[in-house]
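# Examination of the molecular architecture
Each chain is listed here by its residues.
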Amino acid sequence: MAFNKSVLENVREDDFVEYFIFPSLEVDFDNVKDHLQKVLISVKSVLETFCHSYIWQKDDVRFIPRIDPGLNLPPIDDSDEKLHLPPHLYGVSHYGDNIEDEWFIVFLLLEATRAIPDLVVRVVDSDGEFLLIEAANHLPSWATPEACDRRVYLYQGAVHLVPGQEKMTVDEAVKMIRSQPDRTRASEAIQTAINARIEGYPQRISENLHSCNVVVPVRVAALLKARPSLVAPAVTAFCHRDPIDLKVCRAMRYFPPEQCATVRVTFTKCLYAMLTHQKYVPDRRTGWKLPPPTDPTYAAKLLGVKLACGFEILVSQSKNCGKADELNKDWQIYKKSLAEKGYFKDLLEGSQEYVKLEQTAKEYFQSHCTQSQPPTGQVILDILQDMELDVEEMQRNEASLPPPDDDSWLEVTPPELDRMMEQRYGCRPSHTSGDISARLADFLSHVSSLDGAEFPQDDGVSEAPVRPRRGIKAKKKAVPAEKDNEDDNRVSFDHEAFSCAVQNILDFVVPEDNWDMESDGSGMSSYEDEEDMDLGGKTGDQAETPVSELKQYMDQMDRELSSTAVGKSFQKIQTSNKKEMEDSFSEVENFEPVDIDLNALKNILESYQSQMGGAGPASNMLGPMGVRLDKP
């Protein structure tokens, strides 16, 4: 791994987590580096008690001291310029396909802040402040993604959220946490959400392991005995193989299959699932001889073939790229960026002043360069050179190997999946038809903000005004007269009348012909002369109010639909107030009131049933409203 460039120019994945440990610096600047080294030793001693048996998917946890030398240099990490970081310990780890590694790192950092009380830790990943994402349902109203940037930290075993929305540097936030810990400590709901995600550690480490017996070449068996953690890079290399790697697997130069042994290998459940589900048929010309799939040893031998190919790929990759070449490439990229930004002041390359600037820049580069380990393939070769193979002992140990662990956890039944989803995201209670109708009515009556449609809270309390229900006609309020001439340029806006008018237009609600004509603020008086002209100049009793043309269309459409299958498909009201409704609509021939809620519920259930458990209009609408249907 080369230097960090948010994060590393040679890293193309987003599977990383960054962590910054800020110790209390009550020493002179000249002694800061020594103090950071002491803190580093203390942190390592705390973490080693939990990490000794842990199998990392890709990178383990490691730190380097970082001190900003105050040089006039373009930052290696673009964020350095914005964060104004005080001296700290920095680390970055890639967790690959196993998200548990990220949360295990959070657990380790929390334990470090408990053991060393003066540490303030910041941890982020490619999504930013991912701790708040986990506690998104419990955040205060001001906590937007932009406002929370650089405001989330770990301190004394708890999550701290620095309040406020103004811009703040990391140094300012760290000082505020130390000076006002009671104010910055996040709510108990946030603490509970984060602790639930890391609950069970360190006991969970053993629960996430799976051991089984595999048949591998003797050199692979020796490697796994000497360094059990090498199983992770071997599985990752095999699962991410490309056509060039497949050519290497046909040769098997370093791990030939002529002499094999059965050994017990411990995987994480993630690694075991990855390796098991990889389809691979080895080339017979290489020497691999697999029994039929019905043979009891087939699974152990196939897993051994895959592991051996993974080790072969690792060694071949280290031969093609060395650590020195990688670091030199990164330095050349950084040096080129310095030249483009005018750092070398157009000096002649090789001159005394140029060499001095170059040396200063190289020291800055090395101080911000993560201490990468040698390539895994090179580590494998070094171990093999110093190792003596005892094939007879391996074969003797085969008889005493315990049986493999049960791998039935690979198969998840639908009820188990539901239980896992409910455990992770919570269980929403089932709802009756009455609940669905009530929630749908509440949703239609609720006014959301500009950020999008929202369902009203369960307690029914909402500060937002409730818009008029469908079909309700609210009278327009008169606009009060202005009290002084200073307000002549102001626009008066009656939001209730405007909302009602728009809703009536959308619902095709036709107002009475003389609706609000008497109102002083109706504004209809200016149209009286025009109306008289349309009526041929008739006034008083001679003038008859014209019937709305839209109302005529609506009545005609009702009469035509009543005799069709569409009209007959509606559910009619069968309640005691049917007579009252018929009396109020006595002018409509053959009027039969329709149960709007029942028809809406019927259509929703039919739509949900037609989805057959998949995504669709009904589930997409009911889900955000908090309604879950167990059966159609």
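Residues numbered from 1 in each chain as written. Predicted model: local features only at pLDDT ≥ 70, side-chain atom pairs only at ≥ 80, totals over all residues. Heavy atoms only, no water.

For the rest of this paragraph, the subject is the overall build of the chain. From N to C terminus, the chain includes 26 helices and eight strands. Put simply, 76% of the contacts in the chain that link residues at least 6 apart link residues at least 24 apart. (Helix = DSSP H or I, 4+ residues; strand = E, 2+ residues; numbered from the N terminus. Contact = heavy atoms within 4.5 Å.)

This brings us to the nonpolar core. Across soluble globular proteins, you tend to see nonpolar side chains buried next to one another. The biggest cluster of nonpolar side chains holds 49 residues, and the ones touching the most others in it are Val231, Val235, Phe255, Phe267, Leu307, Phe311 and Ile380. Residue assignment for this core shows that the elements contributing at least two residues are strand E7 (209–217), helix H9 (218–226), helix H10 (231–239), strand E8 (260–268), helix H12 (269–276), helix H13 (298–320), helix H16 (376–385) and helix H17 (391–397). A per-element tally of this core places H13 first, with nine residues. With sequence-adjacent residues up to four places away left out, Leu307 is seen in contact with Val214, Val216, Leu224, Val231, Ala234, Val235, Val265, Phe267 and Leu275. Tyr19, Trp103, Leu131 and Ala193 belong to the second-largest nonpolar core, a separate cluster that totals 48 residues. (Core = buried A, V, L, I, M, F, W, Y, C linked by side-chain atoms within 4.5 Å. Buried < 20%, exposed > 50% of the residue type's maximum accessible area, 1.4 Å probe, protein only.)

Another point: the sheet that holds strand E5 (residues 152–155). Taking strand neighbours across the sheet as the criterion, the six strands line up as E2-E3-E1-E4-E5-E6 in an open arrangement whose pairing is antiparallel. Among the strands making up the open sheet, the edge pair consists of strand E2 (64–66) and strand E6 (158–161). Taken pair by pair, the neighbouring strands of this sheet meet at an average axis angle of 30 degrees, ignoring direction. Where strand E4 (residues 120–125) lies against E5, two bridges are found, and the strand directions are antiparallel. Residue pairing for E5: Val121 is matched across the bridge by Leu154. Helix H1 (residues 32–51) rests against strand E1 (16–22), E2 and strand E3 (88–94) of the sheet, and its axis sits at about 45 degrees to E3. (Pairing = 2+ DSSP bridges. Axes fitted to C-alpha atoms, helices over the stretch in contact; angles between N-to-C directions.)

Our next topic: the confidence of the model for the chain. Of all residues in the chain, 69% attain a pLDDT of 70 or more, and the chain-wide mean is 77. Overall, residues 459–488 carries pLDDT values under 50, and its contacts beyond four positions in sequence, including any with other chains, amount to 45 contacts. pLDDT under 50 marks residues 513–545. Its contacts with residues more than four places away, or in other chains, come to 22 contacts. (pLDDT = per-residue confidence, 0-100.)

As a further point, take helix H5 (residues 170–179). Buried within H5 are the following residues: Val170, Ala173, Val174, Met176 and Ile177. Along the axis of H5, the buried residues cluster in a sector spanning 165 degrees; they form a single face. Among the exposed residues of H5, those pointing more than 90 degrees away from its buried face are Lys175 and Ser179. (Arc of directions from axis to C-beta.)

It is worth spelling out the environment of Gln37 at this point. Structurally, Gln37 can be placed in helix H1. Taking the relative accessible area as the measure of exposure, Gln37 reaches 34% and is therefore partly exposed.

The next subject is the pattern of salt bridges. One pass over the structure, following the stated rule, counts 18 salt bridges. Between Asp60 and Arg62 there is a salt bridge; the shortest N-O distance is 2.9 Å. Among the residues examined, Arg62 registers a relative accessible area of 25% and is labelled partly exposed. Salt bridges sharing partners connect three or more residues here, namely Glu100, Glu134, Arg197 and Arg204. (Salt bridge = Lys/Arg side-chain N within 4 Å of Asp/Glu carboxyl O.)

The grouping of Val412, Leu417, Met420 and Met421 at the surface amounts to a nonpolar patch, some 350 Å² of accessible area in total. Relative accessible area serves as the criterion here: at 43%, Leu417 is assigned to the partly exposed category. (Patch = residues over 30% accessible without salt bridge, like charges linked within 9 Å, V, L, I, M, F, W, Y side chains within 5 Å. Areas by Shrake-Rupley, 256 points an atom, 1.4 Å probe, with all protein chains shown as cover.)

Moving on, we come to H10. With eight of nine residues buried, H10 lies mostly within the body of the structure. Listing the buried residues of H10 in full gives Val231, Ala232, Ala234, Val235, Thr236, Ala237, Phe238 and Cys239.

Turning our eyes to something else, we now look at the packing of aromatic side chains. Following the criterion strictly, the structure yields 17 aromatic pairs and no others. Ring centres of Tyr19 and Phe63 lie 5.3 Å apart, and the angle between their planes is 70 degrees; this geometry places the pair in the edge-to-face category. Here Phe63 lies in the loop between H1 and E2 and Tyr19 lies in strand E1, a separation of 44 residues in the sequence. Exposure class is identical for Tyr19 and Phe63. Each is buried. (Phe/Tyr/Trp six-rings, centres within 6.5 Å; stacked < 30°, edge-to-face > 60°.)

Closest axis-to-axis distance for the H10/H12 pair is 10 Å, and the angle between their directions is 35 degrees. Helix-helix and strand crossings are classified by hand; for H10 and H12 the assignment is left-handed. Two secondary-structure elements touch here, H10 through Val231, Ala232, Val235, Thr236, Phe238 and Cys239 and H12 through Leu271, Met274 and Leu275. Here the residues of the contact of H10 with H12 sort into eight nonpolar, one polar and no charged. (Left-handed = near helix turned anticlockwise from the far one by under 90°. Nonpolar A, V, L, I, M, F, W, Y, C, P; charged D, E, K, R; others polar.)

Angle between the axes and distance between the axes: these two values describe a pair of packed helices. Running from N to C, H1 and helix H3 (residues 100–115) cross one another at 135 degrees; their axes reach a closest spacing of 9 Å. Our classification of the angle between H1 and H3 gives oblique. Our pair here, H1 against H3, has a crossing hand that is right-handed. Contact residues: Val46, Leu47, Phe50 and Cys51 in H1; Phe104, Phe107, Leu108, Glu111, Ala112 and Ala115 in H3. Here the residues of the contact of H1 with H3 sort into nine nonpolar, no polar and one charged. (Parallel < 35°, antiparallel > 145°, perpendicular 65-115°, else oblique.)

What you see with E5 is no split at all: Val152 and Leu154 on one side and Tyr153 and Tyr155 on the other are buried throughout. Strand direction decides the pairing type here: E5 and E6, joined by four bridges, are antiparallel. By the bridge assignment, Tyr153 is partnered in E6 with His160. Counting the residues that bridge the hairpin from E5 to E6 gives two residues, and of these Gln156 lies at a positive phi of roughly 50 degrees.

What follows is about unusual backbone geometry. Here the bond from Tyr201 into Pro202 is cis, since omega is 5 degrees, no more than 30 degrees from zero. Looking at where Pro202 falls in the secondary structure, it is placed in the loop between helix H7 (188–197) and helix H8 (204–207). Although it is not a glycine, Arg150 sits at a positive phi angle of roughly 65 degrees. Locating Arg150 in the fold gives a position in the loop between helix H4 (130–134) and E5.

Residue position: Ser211 is located in strand E7. The exposure class assigned to Ser211 is buried, which follows from its relative accessible area of 12%. Within the local environment of Ser211, its side chain forms a polar contact with the side chain of Thr266, the two groups lying 3.0 Å apart. With sequence-adjacent residues up to four places away left out, Ser211 is seen in contact with Arg264, Val265, Thr266, Pro404 and Asp405. (Polar contact = N/O pair within 3.5 Å; in protein donor to acceptor, adjacent residues only side chain to side chain.)

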